[in-house]
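This is what each chain is made of:
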Amino acid sequence: MGHEVTSIAAGNYVAFTFFIGTMAMMAASVFFFFELSTTSSKWRTSVLVSGIITFIAAVHYYYMRSYNLETGTSPTFFRYVDWLLTVPLMCVEFYLITKKAGAKLSLLWKLIAASVFMLVTGYIGEALNGTNESSWIWGTISSIGYAYIVWLVWFGDVANLAKSSSAAVAKANRTLGWFVLVGWAIYPLGYILGTKGGLFGTPMVTDPAAASYAMDIIYNIGDAVNKIGFGLVIYALSRSEE
Ligand SMILES: *C/C=C(C)/C=C/C=C(C)/C=C/C1=C(C)CCCC1(C)C
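Residues numbered from 1 in each chain as written. Predicted model: local features only at pLDDT ≥ 70, side-chain atom pairs only at ≥ 80, totals over all residues. Heavy atoms only, no water.

Whenever I open this one, empty space enclosed by the protein confuses me. Can you help?
Rolled over the atoms, a probe sized like a water molecule indicates the empty space that remains. Taken as a whole and assessed by the stated rule, the structure comprises one cavity of 30 Å³ or more. Here the residues of the lining of the largest cavity sort into three nonpolar, two polar and three charged. (1 Å grid on protein atoms, 1.4 Å probe; cavity = no way out; pocket = protein on both sides within 12 Å on 5 of 7 lines; lining within 4 Å. Points joined across faces, edges and corners; volume = space filled by probe spheres on them. Nonpolar A, V, L, I, M, F, W, Y, C, P; charged D, E, K, R; others polar.)

Have a look at this one:
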């Protein structure tokens, strides 16, 4: 512990963002869980899912922080396990808010399938091809899943159902849509900087250690913005509409 604390304090920015990430995710989980008791039953499951998302992330961040301190490398495996659990749960949030307007389970499965496709191909690119020039090909394949989610939320079934729902749901969906379009775009940026294939085969950061540093910091910022931000949009919805 003493050793861990000193090596975080000694200007290790990556470890510091893992540390802050752990704290932020823990604090957000406590907040969402405690607020459940004053949340109307209509929105309780949605706010609960917000808390589960940040809680799962808090546990992974705790592990990733130690992993990063002990090995000095990116915790790629834990990162993707976290995402494989939390991103489908974010898809569940879209399903839950549009369910009353008639969202079917098939829509939930479309969202989940697209997110798993995006993440599995991203993992192949990062864990198995991150140190060779072809990583950009996997990043591009992964982006197809990402683009499909953006499309569903902005123009597809999610958008249409949200529009035919209450004004509060329509507004929440638009805000969540911005998170998916802009907030989630932080991740491919981390991937471009952190893998050797970078931009169409050209490494953006040539030193491998610096590349993995850049990638972890960007992913950690992305997670804080998106997981906590998503949860707060759902929370605001639960407060604006009883
Ligand atoms: C809480 C975690 C979230 C919201 C993670 C989202 C991750 C992505 C949107 C990742 C996307 C990627 C691409 C679009 C291409 C390159 C590979 C990925 C997996 C980084």
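Read on, since the account is not over.
Hey, could you run me through the packing of aromatic side chains in this one?
Given two aromatic rings, their pairing is described by the distance between the two centres and the angle made by the two planes. Following the criterion strictly, the structure yields 19 aromatic pairs and no others. Summarising the aromatic geometry, the rings of W83 and Y219 are spaced 4.9 Å apart at their centres and angled 70° between planes, so their arrangement reads as edge-to-face. Within this pair, whereas W83 is found in helix α4 (residues 76-99), its partner Y219 is found in helix α10 (residues 208-240), the two being separated by 136 residues in sequence. Considered together, W83 and Y219 belong to a single accessibility category, that of buried residues. Ring centres of W154 and W178 lie 5.0 Å apart, and the angle between their planes is 85°; on these two criteria the pair is classed as edge-to-face. Placement of the pair is W154 in helix α6 (residues 135-154) and W178 in helix α8 (residues 167-183), with a sequence separation of 24 residues. Residue class for W154 comes out partly exposed when judged on its relative accessible area of 21%. Overall, the relative accessible area of 48% leaves W178 in the partly exposed class. Every member of this aromatic cluster is reached through a ring pair, and the members are Y62, Y63, Y67, F77 and F78. The cationic tip of K100 hangs over the ring face of W43; the distance from NZ or CZ to the ring centre is 5.2 Å. (Phe/Tyr/Trp six-rings, centres within 6.5 Å; stacked < 30°, edge-to-face > 60°. Helix = DSSP H or I, 4+ residues; strand = E, 2+ residues; numbered from the N terminus. Buried < 20%, exposed > 50% of the residue type's maximum accessible area, 1.4 Å probe, protein only. Lys NZ or Arg CZ within 6 Å of the ring centre and 35° of its normal.)

Can you help me understand the site of the ligand in this one?
Around the ligand lies a shell of 18 residues, among which V87, M118, S142, Y187 and K227 are the nearest. Notes on the ligand: free accessible area 530 Å², of which the protein chains cover 100%. Of the residues belonging to the shell around the ligand, the class tally is 11 nonpolar, five polar and two charged. (Near = heavy atom within 4 Å. Areas by Shrake-Rupley, 256 points an atom, 1.4 Å probe, with all protein chains shown as cover.)

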